[in-house]
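Overview (structure and organization)
Here's the letter readout for the chains.
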Amino acid sequence: MKITDFYNYRKPGPKISMITAYDYTLASIAAGSGVDCVLVGDSLAMVMHGHPSTLAATPELMALHTAAVARAVKGKLIVGDMPFLSVRKGLGPAMETVEALARAGAQAVKIEGLDGHGDIIAHIVQSDMPVMGHLGLTPQSLNRLGGYKTQGRDQASAEKLVEQALELERLGCFALVLECVPEALAARITQLLKIPVIGIGAGRHTDGQVLVMQDMLGLYGEPPSFVKQYLEGRRLVTEALNAFDLEVKEGAFPAKPKKAAAESPYALAEK
Ligand code: KIV
């Protein structure tokens, strides 16, 4: 999927699949799959670097991982996350982060929240860098939210989310990620907006879904309850590692070379 496919999206359209990728190897697998677009999420601070939250992601780290992903992914939209505080230090630093991500290969940026940085979102859009909004459970707000909790449960906070979603569309966002909000609220916002809404832990009625790749492959710890694991990655990788370990210790790997190896310059040493 390209950015123009997002601009031309008409509801109800085909569901959009988005997956995170942070490194060349998994990004190249995503590139060869049917998944529509790739997000270099700031969740990389946790998944790739072992931090307890996404707050540890920096512009430099985001650019480094975006460049690795961009070497693998061609012909699919690559969205780079603007990390914690990057839109809160004024326009100059925000634009420097946008530039770093764009030069690394991102074709769009994702920005969490709205209050206090709507003008920066508008400026980035007007600078021709497409912006994906992100509302609901915004992990960069962890300290204010006091934990990873479903957002928009009561009437007032639900109405605020609806207003913010409409405002992000008005500011020019090309899509919106809605994270951990009740299904009915996500459905309402999806109906109200013209731009596609991509849900995560937001139920069935959004225009698309996004997951952290290591969560859905079962590679990274205990995933949130809304995640479906399509692979038992940790078990399979552990089994492979244990098979390697055993074969090394038993002398079964490497196996005895076949005939061709006897012709190698080292043949004598191998006898
Ligand atoms: O950083 C991330 O991976 C994200 C997705 C979970 C939406 O923002």
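Before any of the text, the structure's been laid out above.
Notes on the structure follow. (Residues numbered from 1 in each chain as written. Predicted model: local features only at pLDDT ≥ 70, side-chain atom pairs only at ≥ 80, totals over all residues. Heavy atoms only, no water.)

1. Comments concerning the packing of helix H2 (residues 24–31) against helix H4 (residues 59–72)
What counts, and what does not: In this analysis an axis means a line fitted to C-alpha atoms, helices contributing only their contacting stretch, and an angle means the value between N-to-C directions, from 0 to 180 degrees. Each helix corresponds to a stretch of at least 4 residues labelled H or I by DSSP, and each strand to a stretch of at least 2 residues labelled E; elements are numbered beginning at the N terminus. In these notes the angle categories are as follows: under 35 degrees is roughly parallel, over 145 is roughly antiparallel, 65 to 115 is roughly perpendicular, and the rest is oblique. The handedness criterion is simple: a crossing whose near helix is rotated anticlockwise from the far helix by less than a right angle is left-handed, and one whose near helix is rotated clockwise is right-handed. Here, residues are in contact when the closest pair of their heavy atoms is within 4.5 Å.
H4 packs onto H2 with a crossing angle of 40° between their chain directions and a minimal axis gap of 8 Å. Judged by the angle between their axes, H2 and H4 are oblique. At the point where H2 passes H4, the crossing takes the right-handed sense. Of H4, the residues touching H2 (which contributes Tyr24, Ala27, Ser28 and Ala31) are Ala68, Val69, Arg71 and Ala72.

2. Concerning the site of the ligand
Operational definition: When at least one non-hydrogen atom of a residue lies within 4 Å of a molecule or strand, that residue is treated as near it. Any N or O atom pair separated by 3.5 Å or less is treated as a polar contact, with the protein-specific requirement of one donor-capable and one acceptor-capable atom, and with residues adjacent in sequence counted only for side-chain atom pairs. Using the Shrake-Rupley algorithm and a 1.4 Å probe, accessible areas are obtained, with residue cover drawn only from the displayed protein chains. Three classes are used: nonpolar for Ala, Val, Leu, Ile, Met, Phe, Trp, Tyr, Cys and Pro, charged for Asp, Glu, Lys and Arg, and polar for all others, with Gly counted as polar.
Every residue near the ligand is listed here: Thr20, Leu39, Gly41, Asp42, Ser43, Asp81, Lys110, His134, Ile200 and Val212. At 3.2 Å from an oxygen atom of the ligand is found a side-chain nitrogen or oxygen belonging to Asp81. With respect to the ligand, the side chain of Lys110 contributes an N or O atom lying 2.8 Å from an oxygen atom. Against a free-state accessible area of 250 Å², the protein chains account for coverage of 95% of the ligand. Tallied by class, the residues present in the shell around the ligand amount to three nonpolar, four polar and three charged.

3. Quick word on the packing of aromatic side chains
Short version of the rule: The aromatic pairing rule takes the rings of Phe, Tyr and Trp, using the six-membered ring of Trp, and pairs them if the centres are within 6.5 Å, calling planes under 30 degrees apart stacked, those over 60 edge-to-face and the rest tilted. Partly exposed residues are those whose accessible area sits between 20% and 50% of the maximum for their type, while under 20% is buried and over 50% is exposed, using a 1.4 Å probe and protein chains only.
In the structure shown here, the tally under the stated rule is two aromatic pairs. Look at Phe244 and Phe253: their rings are 6.1 Å apart centre to centre, the planes differ by 65°, and that puts the pair in the edge-to-face class. Residue Phe253 is classed as partly exposed on the basis of its relative accessible area, which comes to 44%.

4. Quick word on the environment of Ala106
Within the fold, Ala106 resides in the loop between helix H5 (91–104) and strand S4 (108–112). You can call Ala106 buried: its relative accessible area is 6%. Between the alpha carbons of Ala106 and Val69 there is a distance of 9.0 Å; along the sequence they are 37 residues apart. Residue contacts for Ala106: discarding those within four places in its chain leaves Thr66, Ile78, Gly80, Leu101 and Met129.

5. A closer look at the pairing of strand S7 (residues 197–200)
Note the cut-off: Paired strands, as defined in this entry, are two strands with at least two bridges between them according to DSSP.
On S7, burial covers both faces: Val197 and Gly199 on one face and Ile198 and Ile200 on the other are all buried. Looking at chain direction, strand S6 (residues 175–179) and S7 are connected through four bridges and run parallel. When the bridges of S7 are listed, Leu178 appears paired with Gly199. Pairing of S7 with strand S8 (residues 208–211) involves two bridges; the strand directions are parallel. Its bridge partner lying in S8, Gly199 is registered against Gln209.

6. A look at the side chain of Lys76
For the record, the criterion: When charges are tallied, Lys and Arg are placed among the positive residues and Asp and Glu among the negative ones, while His and the ends of the chain are skipped. By definition here, a salt bridge exists when the distance from a side-chain nitrogen of Lys or Arg to a carboxyl oxygen of Asp or Glu is within 4 Å.
Note that Lys76 resides in the loop between H4 and strand S3 (77–81). At 6.4 Å, Asp36 is the nearest oppositely charged side chain to Lys76, a buried residue that forms no salt bridge. Here the side chain of Lys76 touches Ser33 through a polar contact of 2.8 Å, landing on its backbone oxygen. At 2.7 Å, the side chain of Lys76 forms a polar contact with the backbone oxygen of Val35. For Lys76, the contacting residues outside a window of four places in its chain are Met1, Ala30, Ala31, Ser33, Gly34, Val35, Asp36, Val38 and Gln107.

7. Concerning the pairing of strand S2 (residues 37–40)
Neither face of S2 is exposed, since Cys37 and Leu39 on one face and Val38 and Val40 on the opposite face are all buried. Pairing between strand S1 (residues 16–20) and S2: three bridges, direction parallel. Residue pairing for S2: Thr20 is matched across the bridge by Leu39. Here S2 pairs with S3 via four bridges, running parallel. Along S3, the bridge assignment pairs Val40 with Gly80.

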